[in-house]
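Fold and geometry: a report
Here are the chains, one letter per residue:
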Amino acid sequence: MRVIRSPLHENLTRQAALLMLLAVSGLALVALGILMLLPAPWMAGAYLLLAALLVSVGITALLYYRARIGAAATLIIYVATVFPLLSSLVFGFEGNPLIYLAALGVALASLLSGPQTLRAVTRDSLLLVLVLMVAPLLIGPTGVPLGPRIATGLTLAALLLGVAGAGWVSLHQRRGMIAWRIKTDSRYRRRETALQRARADLESALRERDRLHDRLYQQRLELETARAAAEVAARAKASFIATMSHELRTPLNIIIGFSTAMIEHPEIYEVEALAPPIVADLAEIRRSGQHLLRLINEALDLAQVEAGHLELNLAPLPLVPVLDAMLQAARGLSGNRPVQLRREYGGALPLVMADEMRVRQVLLNLLSNACKFTHTGEVALGARADSVEVTIWVRDTGIGIAPADQERIFNYFERVDCHDARLYTGTGMGLAISRWLVDLHGGRMWVESELGKGSTFYFTLPRVPAPGVSNVA
């Protein structure tokens, strides 16, 4: 007898084996009671068969107690299959209904064990049937009828094969169901694990979101506090600059006015003429005062720009008189250097919508820069008009501007890099304020320059539209 471990679940096999052990024990007790009623000729064989059954029950109980569940189940299957067949030794082969109980053992093999045990039990039971059917014919008395014995053996064999086939089908169905259940459980476990991981990730993301939200809220509070402090500081700075500019411009205007009067009208002081060294000193005083006044005005404009308080007095403005006046004023900016001033505009230009004082400020700043950075050559002032705007430019043949600096110079406090900064003084605010003033007019300012060959600064002003016509492109 081969012991084959059951592939079924251990708990199911343990419970079924215990039930079958109790059933076989009960069968032994029933058999003992039946023996009491048997006739004397059958008593010896019956007691031997009962003793073998009781030994088998004891061995099965011992295996079960030692937790060898597979071996105990296999022994129970063989007991349930073999002992009904061995009852033919006591009660005969033909007309013995007990032998058909062997089919229960085959059925138990399909229930408690795997396909290997089912094959082994079916094979061994068929061999035992063949032996029980043929052995009496070989070693028994002659003249025994063969027909009933063969019919009984074939019937029993057919019953065992039928039960084995049904058990085989049932076993494979159960195995398929068990495999499907295991696969399904595994898939569900994987999904549950994935869901738990996703839930953990989501909770972590939510915690991170809350942390970032708190941090963002804290930074927002800090930014609002810093902005409020910056606004207070900006207002204080603008107020201080405006106050100081006003306080400084009053004495500067007095200095400039008296120095001009002493140079141009010395008779006020009851002298015919001042000595040339005195006139030169007074001229230097006036020039320095005008330079300082220009710096103060730029600082005041910067404060108004940052505070957003600079307003324009827009009105239709004829450009030609303004350009002529600024070109005339530029003649005194080049000093004694061999620089020629050129006019590059015609005598007729359309009206523009602009603030004359601010346009003059922009032109003066551009012309002053052009004269300052041009040692020889020419400085030109030009203009042209299209259907929407007027483009004005100041061109020079000075030192030029590197491509990397052509946008930077429009920032506050930025100046052109050169080999000797002492030759080109300035605060770096003029171009920034000029571009901002042009932007306020609705125009734009840019520069085209080549290092060592000169620069051309352009800006546009909107034309005064004809009645009923918009100047928006």
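Described below are features of the structure shown in this document. (Residues numbered from 1 in each chain as written. Predicted model: local features only at pLDDT ≥ 70, side-chain atom pairs only at ≥ 80, totals over all residues. Heavy atoms only, no water.)

Turning to the packing of helix H10 (residues 356-372) against helix H11 (residues 430-440), a few remarks are in order. At their nearest, the axes of H10 and H11 sit 10 Å apart, and the two run at 145° to each other. When the axes of H10 and H11 are compared, the crossing they make is left-handed. Seen from H10, the contacting residues are Arg358, Gln361, Val362, Asn365, Leu366 and Asn369; seen from H11, they are Gly430, Leu431, Ile433, Ser434, Leu437 and Val438. Its residues placed into classes, the contact of H10 with H11 shows six nonpolar, five polar and one charged. (Axes fitted to C-alpha atoms, helices over the stretch in contact; angles between N-to-C directions. Helix = DSSP H or I, 4+ residues; strand = E, 2+ residues; numbered from the N terminus. Left-handed = near helix turned anticlockwise from the far one by under 90°. Contact = heavy atoms within 4.5 Å. Nonpolar A, V, L, I, M, F, W, Y, C, P; charged D, E, K, R; others polar.)

The next thing to look at is the nonpolar core. With 41 residues, the main nonpolar core has Leu323, Leu363, Ile392 and Phe459 as its most contacted residues. No other element matches H10, which puts seven residues into this core. Those residues in contact with Ile392 that lie beyond four places of it in its chain are Leu319, Leu323, Leu363, Leu381, Gly382, Ala383, Phe457, Tyr458, Phe459 and Leu461. Within the second largest apolar cluster, 21 residues are counted, among which are Ala102, Ala103, Met133 and Leu160. (Core = buried A, V, L, I, M, F, W, Y, C linked by side-chain atoms within 4.5 Å. Buried < 20%, exposed > 50% of the residue type's maximum accessible area, 1.4 Å probe, protein only.)

For the rest of this paragraph, the subject is H11. The buried fraction of H11 amounts to eight of the 11 residues, a majority that puts the element mostly inside the structure. For H11, the set of buried residues is Gly430, Leu431, Ala432, Ile433, Ser434, Arg435, Leu437 and Val438. Positive phi appears at Gly442, one or two residues downstream of H11, with a value of about 90°.

Sheet strands line up and pair through hydrogen bonds in the backbone, either parallel or antiparallel. With mixed pairing, the five strands of this open sheet are ordered in space as S2-S4-S5-S7-S6. Sheet topology places strand S2 (339-344) and strand S6 (445-450) at the edges, where each strand pairs with a single neighbour. Taking each pair of neighbouring strands and ignoring which way they run, the sheet shows an average axis angle of 15°. Judged from the eight bridges that link them, strand S5 (residues 389-396) and strand S7 (residues 454-462) form a sheet pairing that is antiparallel. By the bridge assignment, Val390 is partnered in S7 with Leu461. Packed on one face of the sheet, H11 meets S6 and S7 and runs near 135° to S6. (Pairing = 2+ DSSP bridges.)

Let's shift gears to a positive patch on the surface. A contiguous patch of positive charge, built from Lys183, Arg189, Arg190 and Arg191, is present on the exposed surface. Structurally, Arg189 can be placed in helix H7 (residues 147-264). (Patch = residues over 30% accessible without salt bridge, like charges linked within 9 Å, V, L, I, M, F, W, Y side chains within 5 Å. Areas by Shrake-Rupley, 256 points an atom, 1.4 Å probe, with all protein chains shown as cover. Salt bridge = Lys/Arg side-chain N within 4 Å of Asp/Glu carboxyl O. Lys, Arg positive; Asp, Glu negative; His and termini not counted. Charge placed at Lys NZ, Arg CZ, Asp CG, Glu CD.)

Between helix H9 (residues 319-329) and H10, the shortest axis-to-axis distance is 10 Å and the interhelical angle comes to 35°. As for how H9 packs across H10, the hand of that crossing is right-handed. When H9 is examined against H10, the residues Val322, Leu323, Ala325 and Met326 are found in contact with a partner set consisting of Glu356, Val359, Arg360, Leu363, Leu364 and Leu367. Each residue belonging to the contact of H9 with H10 can be placed in one class, and the counts come to eight nonpolar, no polar and two charged.

Let us now look at the environment of Thr122. Within the secondary structure, Thr122 is located in helix H6 (residues 115-139). Accessibility expressed as a relative area gives 8% for Thr122, which makes it buried. Non-local contacts of Thr122, meaning those with residues more than four positions away in its chain, are made with Val106, Leu161 and Ala164.

What follows deals with the pattern of salt bridges. Throughout the structure, instances matching the rule amount to 15 salt bridges. In this structure, a network of salt bridges that share partners links the residues Arg342, Glu344, Glu378 and Arg395.

The next thing to look at is H9. Buried within H9 are the following residues: Leu319, Val320, Val322, Leu323, Met326 and Leu327. End-on, the buried residues of H9 take up no more than an arc of 160°, which puts them together on one face. (Arc of directions from axis to C-beta.)

Our next topic: the side chain of Asp396. Along the chain, the position of Asp396 falls in strand S5. Buried charge without a salt bridge: Asp396, with Arg395 as the nearest opposite-charge side chain at an N-O distance of 8.1 Å. Within polar-contact distance, the side chain of Asp396 engages the backbone nitrogen of Gly398 at 2.9 Å. (Polar contact = N/O pair within 3.5 Å; in protein donor to acceptor, adjacent residues only side chain to side chain.)

Residue placement: Ser368 occurs in helix H10. On the basis of relative accessibility, which here comes to 24%, the residue Ser368 falls in the partly exposed class. For the pair formed by Ser368 and Ser334, sequence separation is 34 residues and the distance between their alpha carbons is 8.3 Å.

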